[in-house]
Amino acid sequence: MSTIDSVLKENRLFPPSEDFRVKANVSGMEGYNALCEQANNDYEGFWADLGRELVSWKQPFTKVLNSTEAPFYKWFEDGTLNVSYNCLDRHLAGSGDKPAIIFEADDGTSTPVTYRELHQRVCQFANGLRSLGVKKGDRVVVYMPMGVEAVVAMQACARIGAIHSVVFGGFSAKSLQERIGDARASLVITANEGLRGGKSVPLQAVVDDALALGGCESIQHIVVFQRTQTAPAQWDARNVWWHELTAQQPTECEPEWMNAEDPLFILYTSGSTGKPKGIQHSSGGYLLGTLVTMKWVFDYKPDDVFWCTADVGWITGHSYVCYGPLAIGATQVVFEGIPTYPDANRFWSMIARHKVTTFYTAPTAIRSLIKLGADLPGQHDLSSLRLLGTVGEPINPEAWIWYHEVVGGGRCPIVDTWWQTETGAHMIAPLPGAVATKPGSCTLPLPGILADIVDESGAPVEPGKGGALVIKKPWPSMVRTIWGDPDRFKKTYFPEEFNGQLYLAGDSAHTDENGYIWIMGRIDDVLNVSGHRLGTMEIESALVANPLVAEAAVVGRPHEIKGEAVVAFVVLKQNRPEGEDAKRIARELREWVAHEIGKIAQPDEIRFGENLPKTRSGKIMRRLLRVIAKGEEITQDVSTLENPAILEQLRVSAL
Ligand code: WTA
């Protein structure tokens with residue numbers, strides 16, 4: 001594969017400029033090494049100092065790490081705080097009039113919201129939620145378009161101690177219903193519609209469908225933000241308009257003082273089985289993770305204009321839109337729309353208009369924008385930029401170099417940040433004023449993060465050898481459990497093979513001669529499509545739930561823009577379809593998957609066979625399917641295959 005080859009050969013080093021290094025929050029390798037040494041000498045003391053420095057506590061903690069019920073670790077367990085207080089109230093005295101959010105709507109209009117205004121809106125909405133009976137520990141599902149209200153909804157939950165579970169607006173009614181049911185949520189916050197790329201996106205209608213599917217009896221209210229003038233098709237007694245709920249509410253709201261270990265949110269993500277996992281995060285440790293990475297990795301400065309393009313439906317939007325930037329008191333851009341509307345200049349024009357200093361996006365967006373106009377950034381004044389970042393998947397060196405030269409004008413360090421829904425915050429990333437970057441590598445672990453690469457027995461592998469990426473010590477912002485399934489948490493992340501001692505990230509990686517880490521891809525059945533995690537089993541179960549389908553296997557194949565594409569091998573109950581028939585059924589199945597999970601999970605390609613390649617013991621040979629999906633010749637041994645003729649059929653049948 002050409003990308004992997006070029007990644008492996010990439011060896012150029014880009015040290016920070018003298019100017020950047022001198023001003024950086026962590027300056028030079030001396031600065032980085034000093035922090036690492038502190039963490040090595042006194043791990044708990046290191047995190048305790050950061051916890052005291054960066055987080056405002058109501059009741060300061062005296063205990064740092066409690067490992068007695070490992071791997072259910074507790075951090076700062078006797079401290080109390082409120083995350084929303086940390087994100088809003090504590091900035092009012094010094095920066096009340098500073099813009100917290102510059103909201104740019106889909107149609108290009110932009111509205112600044114100061115910290116004082118945001119505080120008022122969060123307080124009013126929090127009071128509104130309380131008036132509906134929402135209290136500490138209740139689960140609230142947020143199914144919102146990107147915008148100020150999405151942030152207000154999440155912050156208001158944090159303020160009253162309700163646990164939010166944000167569901168990305170592109171997920172289907174069925175996915176929404178499963179998440180509502182799993183968390184037994186009592187309230188849904190949504191909008192009548194969203195607006196993206198000049199088109200309206202149904203939201204309340206999807207919520208209505210989700211509730212109609214049943215299993216959501218826990219829901220008592222649906223709060224609807226009116227984003228557009230379209231009237232809802234359905235309105236029942238449980239529905240409340242956002243504007244009516246907040247109109248008479250006071251603009252002050254006493255925060256609920258939470259224990260550091262009280263859950264802040266659940267966020268569902270895909271794993272190796274069909275059922276998404278509710279990743280549960282804490283209040284204190286999570287907040288600290290977002291703060292320390294804003295400071296170190298994004299090298300936060302008070303006059304920065306920060307822009308993370310992620311939707312709040314993903315962890316990146318939680319940590320680097322809703323929490324990190326507000327907790328540190330930054331001004332940030334929040335964008336409702338898409339990078340290609342009205343045209344592919346949108347991101348560059350926004351950077352120029354809002355004088356963005358720190359820009360954080362996904363490699364897939366970079367690759368698609370290169371394709372749509374590699375010279376477009378040059379037509380805008382991007383001189384405000386000082387730091388660039390990427391997240392979600394490995395970035396190919398070609399895209400990295402373009403990002404560096406054309407967007408960053410050659411002067412902005414690029415922080416390639418490796419982390420996961422489960423880690424809460426960045427884990428492996430260059431500190432931009434210290435660590436020289438290499439295109440395609442996320443470089444070195446952050447101080448206080450003990451990453452390693454190990455073989456099946458848990459023993460470290462030599463540099464250059466691939467292995468499983470693990471974290472050797474608990475860290476404050478780590479996942480606490482899987483909602484309602486502590487056994488799955490233990491088995492997935494702290495498996496027996498490693499004596500329950502190592503956090504297994506699910507990625508493979510290797511180091512190079514500089515000790516830099518290169519992420520190679522997932523080791524489980526998870527795909528990374530446009531930076532989004534999708535479980536192959538989830539898509540398979542969606543497909544086999546269709547009455548036409550007898551059997552399905554889903555694999556990934558490399559894709560120039562999306563990173564990976566979804567390829568589904570399908571056996572129908574009826575005879576293998578051909579010609580127009582096959583095309584029609586493929587279309588139906590794609591729609592079916594969109595309906596079952598969401599558009600993001602739709603197979604890019606469907607191949608029909610009379611059967612799937614299986615071993616004599618009946619196991620589907622996925623490695624063969626991956627080779628076929630890539631369009632490569634099969635060179636592997638197929639002697640254990642029950643029905644070799646099937647390979648030819650699958651090879652020629654792409655639709
Ligand atoms: C992948 C997103 C290479 C990885 C924050 C991980 C990356 C999964 C990078 C988590 C990166 C994330 N380089 N791969 N910089 N960042 N990944 O939970 O496979 O949506 O396990 O969190 O994305 O995806 P998630």
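Residues numbered from 1 in each chain as written. Predicted model: local features only at pLDDT ≥ 70, side-chain atom pairs only at ≥ 80, totals over all residues. Heavy atoms only, no water.

Caption draft 1: How the structure looks around the packing of aromatic side chains. Counted by the stated rule, this structure contains 38 aromatic pairs. Ring geometry for Phe168 versus Trp314: centroids 4.8 Å apart, planes at 35°, classification tilted. Within this pair, whereas Phe168 is found in the loop between strand S7 (163-166) and helix H8 (173-183), its partner Trp314 is found in the loop between strand S16 (305-308) and helix H12 (315-327), the two being separated by 146 residues in sequence. According to the relative accessible area criterion, Trp314 is buried, its value standing at 17%. Aromatic pair Trp348 and Trp402: ring centres 6.0 Å apart, planes at 65°, arrangement edge-to-face. Taken together, the positions of Trp348 in helix H13 (residues 346-354) and Trp402 in helix H15 (residues 397-407) put the pair 54 residues apart, joining distant regions of the chain. Members of the aromatic cluster, connected to one another through ring pairs, are Phe72, Tyr73, Trp475, Phe489, Tyr493, Phe494 and Tyr503. Here Lys438 stacks its cationic end above the ring of Tyr516, 5.0 Å away from the centre of that ring. The positively charged end of Lys473 is found above the aromatic ring belonging to Tyr43, 4.8 Å away from the centroid. (Phe/Tyr/Trp six-rings, centres within 6.5 Å; stacked < 30°, edge-to-face > 60°. Helix = DSSP H or I, 4+ residues; strand = E, 2+ residues; numbered from the N terminus. Buried < 20%, exposed > 50% of the residue type's maximum accessible area, 1.4 Å probe, protein only. Lys NZ or Arg CZ within 6 Å of the ring centre and 35° of its normal.)

Caption draft 2: Up close: the site of the ligand. In the vicinity of the ligand, 17 residues are found, and the nearest of them are Asp416, Thr417, Thr421, Asp507 and Arg522. In this structure, Glu393 approaches the ligand through a main-chain N or O atom, which is 3.4 Å from a nitrogen atom. Take Asp507: an N or O atom from its side chain is 2.7 Å from an oxygen atom of the ligand. Computed on the free molecule, the ligand has an accessible area of 520 Å², of which 96% lies beneath the protein chains in the complex. Within the residue set of the shell around the ligand, elements represented by two or more residues are H12, strand S20 (414-417) and strand S25 (517-522). The residue inventory of the shell around the ligand, partitioned by class, reads six nonpolar, six polar and five charged. (Near = heavy atom within 4 Å. Polar contact = N/O pair within 3.5 Å; in protein donor to acceptor, adjacent residues only side chain to side chain. Areas by Shrake-Rupley, 256 points an atom, 1.4 Å probe, with all protein chains shown as cover. Nonpolar A, V, L, I, M, F, W, Y, C, P; charged D, E, K, R; others polar.)

Caption draft 3: Broad picture of unusual backbone geometry. That bond from Ala70 to Pro71 is cis: its omega, 5°, falls within 30 degrees of zero. Along the chain, the position of Pro71 falls in the loop between strand S1 (65-66) and strand S2 (74-75). Across the junction of Tyr341 and Pro342, the peptide omega takes the value 0°, indicating a cis bond. Checked against the element boundaries, Pro342 lands in the loop between strand S17 (331-335) and H13. Positive phi outside glycine occurs at Lys355, with the angle close to 50°. The topology assignment puts Lys355 in the loop between H13 and strand S18 (358-361). Accessibility expressed as a relative area gives 55% for Lys355, which makes it exposed. Unusually for a residue other than glycine, Thr443 sits at a positive phi of about 65°.

Caption draft 4: Focus on the UniProt feature "domain: Acetyl-coenzyme A synthetase N-terminal" (unreviewed entry) in the protein. Listed under "domain: Acetyl-coenzyme A synthetase N-terminal" (unreviewed entry) in the UniProt record, and renumbered for this structure, are residues 32-87. Its end C-alpha atoms 27 Å apart, residues 32-87 is made of 48% helix and 11% strand. (UniProt positions renumbered as here; feature names shortened; annotations may be inferred.)

Caption draft 5: Representation of the pairing of strand S15 (residues 277-282) in the model. Counting buried residues in S15 gives six out of six residues, a clear majority hidden from the surface. Across the two faces of S15 the burial is the same, with Lys277, Ile279 and His281 and Gly278, Gln280 and Ser282 all buried.

Caption draft 6: The arrangement of the layout of surface pockets in detail. There is about 290 Å³ of room inside the second largest pocket. Ser17, Asp19, Phe20, Lys23, Asp299, Lys301, Asp303, Asp304, Thr357, Leu385, Arg386 and Arg411 are the residues that line the second largest pocket. Per-class residue counts for the lining of the second largest pocket are two nonpolar, two polar and eight charged. (1 Å grid on protein atoms, 1.4 Å probe; cavity = no way out; pocket = protein on both sides within 12 Å on 5 of 7 lines; lining within 4 Å. Points joined across faces, edges and corners; volume = space filled by probe spheres on them.)

Caption draft 7: Examining the UniProt feature "binding site: CoA" (unreviewed entry) in the protein more closely. Taking the UniProt record as the reference, the feature "binding site: CoA" (unreviewed entry) is found at Arg196, Gly197, Gly198, Lys199, Thr316 and Ser530. A maximum C-alpha distance of 24.4 Å is found for the annotated residues, which run over 335 residues; spatially they are spread out rather than grouped. Not counting residues up to four positions away in its chain, the partners in contact with Gly197 are Asp106, Ile338 and Tyr341. Tracing the chain through its elements places Gly198 in the loop between strand S9 (193-196) and strand S10 (199-202). Not counting residues up to four positions away in its chain, the partners in contact with Gly198 are Asp106 and Tyr341. (Contact = heavy atoms within 4.5 Å.)

Caption draft 8: A look at the sheet that holds strand S4 (residues 99-104). Strands sit in the order S5-S4-S17-S16-S18-S19-S20 across an open sheet of seven strands; the sheet is mixed. For this open sheet the edge positions go to strand S5 (110-114) and S20, each flanked by a neighbour on one side alone. Taken pair by pair, the neighbouring strands of this sheet meet at an average axis angle of 20°, ignoring direction. Across four bridges, strand S19 (residues 387-391) lies against S20 in parallel orientation. The residue of S20 that forms the bridge with Gly389 is Val415. Sheet contacts for helix H6 (residues 115-131): S4 and S5; angle to S5, the most-contacted strand, approximately 80°. (Pairing = 2+ DSSP bridges. Axes fitted to C-alpha atoms, helices over the stretch in contact; angles between N-to-C directions.)

Caption draft 9: How the structure looks around empty space enclosed by the protein. According to the stated counting rule, one finds four cavities of 30 Å³ or more in the structure shown. The volume enclosed by the largest cavity comes to roughly 80 Å³. Lining the largest cavity are 14 residues, with Trp47, Gly289, Val292, His426 and Ile449 sitting closest to its centre. Counting residues per element, the lining of the largest cavity draws most heavily on helix H11 (residues 284-296), which supplies four residues. Counted by class, the lining of the largest cavity contains 10 nonpolar, four polar and no charged residues.

Caption draft 10: Summary view of the side chain of Asn66. One can find Asn66 in strand S1. By relative accessible area, which is 17% here, Asn66 ends up buried. Within the structure, Asn66 has its side chain in polar contact with the side chain of Thr68 (distance 2.6 Å). Setting aside its immediate chain neighbours within four residues, Asn66 contacts Phe72, Tyr73, Lys74 and Glu77.

Caption draft 11: Seen up close, the pairing of strand S24 (residues 503-511). With respect to burial, S24 is a largely interior element, nine of its nine residues being buried. Pairing of S24 with S25 involves five bridges; the strand directions are antiparallel. Bridge pairing in S25 places Asp507 opposite Arg522. Linking S24 back to S25 in an antiparallel pair, the connection comprises five residues, with Gly515 at a positive phi of about 80°.

Caption draft 12: Region of the structure containing the sheet that holds strand S12 (residues 239-241). One open sheet holds the eight strands; their spatial order is S12-S11-S8-S6-S7-S14-S15-S23, and the pairing between them is mixed. Strands at the two margins of the open sheet, each flanked by one partner only, are S12 and strand S23 (481-482). One ladder, built from six bridges, connects strand S14 (residues 263-269) with S15; its direction is antiparallel. Bridged to Tyr268 within S15 is Gly278.

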